[in-house]
Structures are given as C-alpha cells and as structure tokens.
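Okay, here's what each chain looks like letter by letter:
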Amino acid sequence: MGHRSRDVCPSAMGFHNQGFDSYDPKRELFYLGINHLCMDWEPFMLPYRAGQFFVGANVWTYPGPKGDRQNGIGSGQVKAYNAITGDFAWEKMEKFSVWGGTMATEGGLVFYGTLDGFIKARDADNGKLLWKFKLPSGAIGHPMTYTHEGTQYVAINYGVGGWPAVGLVFDLNDPSAGLGAVGAFKELAKNTQMGGGVMVFALDGKSPYDDVSLGEYGM
C-alpha cells in the first residue's frame, strides 16, 4: 500500500482487448491487435461500495518499451501469431493501441482500424502495409467483408470510443484519470476527433457516385 511500482507490463488494460482476432488456415496464423502498454501502479485502501468502481489504485499508463514514451505514441501493435509453434511471424507497431479487431482474407490481406483514424490492409505473410485510408474518426470497430451482386465490399464502423477516448470525450488532463487511460492516450486528440459512422469500400474501387449521368447533385 502506498508504494508506486513502476514499469508493470502489460498495463491494467491488458495485452489484448475485446477486439476479435482472425485466423488464416492456410498460413496457420492468428492476427492480433495489441495494447503495447505498461503502467505505474500505486494501491491504496478503498472500501467497497456497490455500483462504484472498485480498483483501489492510482494508475499511470504509457507506451511499452518499443514505443516512444517521451511523445506518448507507439502503444499498439499488430502481430501474426502461430499458435502451433508459439512464434510470431511478424509484428508491426502502431501509433496507438489497436482496439478493434483484425480480419484476415483468403486473398492474403489483413484489415484493421486504428485509433488515429485509419483502416489499413497488410500483407498476411510479412505485414507489409499495402493500403490505408483516413477515416473521419478513430476506429474501435471490427472490419468485415461481404459480397453483393457479384462485388465484394469491405466495411468498418468508425468512431473513437471506449477506454481510449475518456480524455478526449470528457476533456480530462490528469494522466492517472480513467485508470491511466488519459495519460496513455494523451496524444489522441491531436490525431483524430469524435464522431461515428460506417465506411464501405468496393473491391474494384467504384463508388455509387461515379456515374456522372446522375447530374451535379447525384440525384
């Protein structure tokens, strides 16, 4: 009690959040979105009250050892994990925790969204970034794919939220607030904004607004 333990890894947010993992049966790899976060932990006595947070600790959260702690970035990773051998085939750093899940496709791509507002596609074999698109807000939603009338689409819910958005939504500055989430994501406001929606992409890159015969207003 009253002692501040430093560099506890992973943080109270966990190494892996609620985001779905995806699996590629041909490559025998799981694709994971990771919280690359550590914390300082200072417990104190706290009486239990029904319906109230029952943590009993001050928490300061910051990027893990591979991140940039001075600038508060590098708190996320995407990893390709072989559950048979226990080895990681590759890993790629992200500016913030990868809060949403991944989607592996038969065509050898891995899609996911980022808190700083991108949807990205990486090569499933080596993690090379092949495509990205800037979304209006950060993404904690999971990418998905479907086919309609012979065209394949990729869709994602965007809108920064959850634990990472505590400081952004409530305009908090105390780094220990939100069980350390405010400090962990202190740079998030400089990289994205609030707001939510759904973005859909066609595999052939065509848009319903490409038909100029619909007139100036697309009507």
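Refer to the preceding data block for the structure.
This write-up is about the structure you can find in this document. (Residues numbered from 1 in each chain as written. Predicted model: local features only at pLDDT ≥ 70, side-chain atom pairs only at ≥ 80, totals over all residues. Heavy atoms only, no water.)

Here the focus is the pattern of salt bridges. Applying the stated criterion across every chain yields a total of ten salt bridges. A salt bridge links Glu-94 to Arg-122, with the shortest nitrogen-to-oxygen separation between them at 3.3 Å. Of this pair, Glu-94 sits in strand S7 (residues 87-94) while Arg-122 sits in strand S10 (residues 118-123), placing them 28 residues apart in sequence. Arg-122 shares its class with Glu-94; the two are buried. Connected through salt bridges with shared partners, the residues Arg-4, Arg-6 and Asp-40 form a single ionic network. (Salt bridge = Lys/Arg side-chain N within 4 Å of Asp/Glu carboxyl O. Helix = DSSP H or I, 4+ residues; strand = E, 2+ residues; numbered from the N terminus. Buried < 20%, exposed > 50% of the residue type's maximum accessible area, 1.4 Å probe, protein only.)

Attention now moves to the state of the cysteines. Where two cysteines share a covalent bond between their sulfur atoms, that bond is called a disulfide. Counted under the stated rule, the structure contains one disulfide. In this model, Cys-9 is linked to Cys-38 through a disulfide, with the two sulfur atoms separated by 2.0 Å. In this structure the cystine formed by Cys-9 and Cys-38 twists about its S-S bond by roughly 110 degrees; its chirality is therefore right-handed. Residue Cys-9 is found in the loop between strand S1 (5-8) and strand S2 (22-24), and its partner Cys-38 is found in strand S4 (residues 37-43); the two are separated by 29 residues along the sequence. The exposure class assigned to Cys-38 is buried, which follows from its relative accessible area of 1%. (Disulfide = S-S within 2.5 Å.)

Further remarks concern the pairing of S4. Sheet topology places S1 next to S4; two bridges connect them, and they run antiparallel. Bridge pairing in S4 places Val-8 opposite Met-39. As judged from the seven bridges shared by S4 and strand S5 (residues 57-63), these two strands associate in the antiparallel manner. Within the sheet, the bridge partner assigned to Met-39 lies in S5 and is Thr-61. (Pairing = 2+ DSSP bridges.)

Bringing a nonpolar patch on the surface into the picture now. There is a patch of nonpolar side chains on the surface, built from Met-144, Tyr-146, Val-198 and Val-200 and spanning about 340 Å² of accessible area. Residue position: Met-144 is located in strand S12 (residues 144-148). (Patch = residues over 30% accessible without salt bridge, like charges linked within 9 Å, V, L, I, M, F, W, Y side chains within 5 Å. Areas by Shrake-Rupley, 256 points an atom, 1.4 Å probe, with all protein chains shown as cover.)

Taken in spatial order, the four strands make up an open sheet running S2-S3-S6-S7, and their pairing is antiparallel. Only two strands of the sheet have a single partner each, and these edge strands are S2 and S7. Recorded for the sheet is a direction-independent mean angle of 20 degrees between the axes of neighbouring strands. Strand direction decides the pairing type here: S2 and strand S3 (residues 29-35), joined by three bridges, are antiparallel. Considered in S3, the bridge of Tyr-23 is made with Phe-30. (Axes fitted to C-alpha atoms, helices over the stretch in contact; angles between N-to-C directions.)

Overall, the coordinates contain eight aromatic pairs when judged by the stated rule. Residues Tyr-81 and Phe-88 carry aromatic rings whose centres are separated by 5.1 Å and whose planes lie at 45 degrees to one another, so their mutual orientation is tilted. When its relative accessible area of 26% is taken as the criterion, Tyr-81 is described as partly exposed. Exposure remark for Phe-88: the relative accessible area of 38% places this residue in the partly exposed category. (Phe/Tyr/Trp six-rings, centres within 6.5 Å; stacked < 30°, edge-to-face > 60°.)

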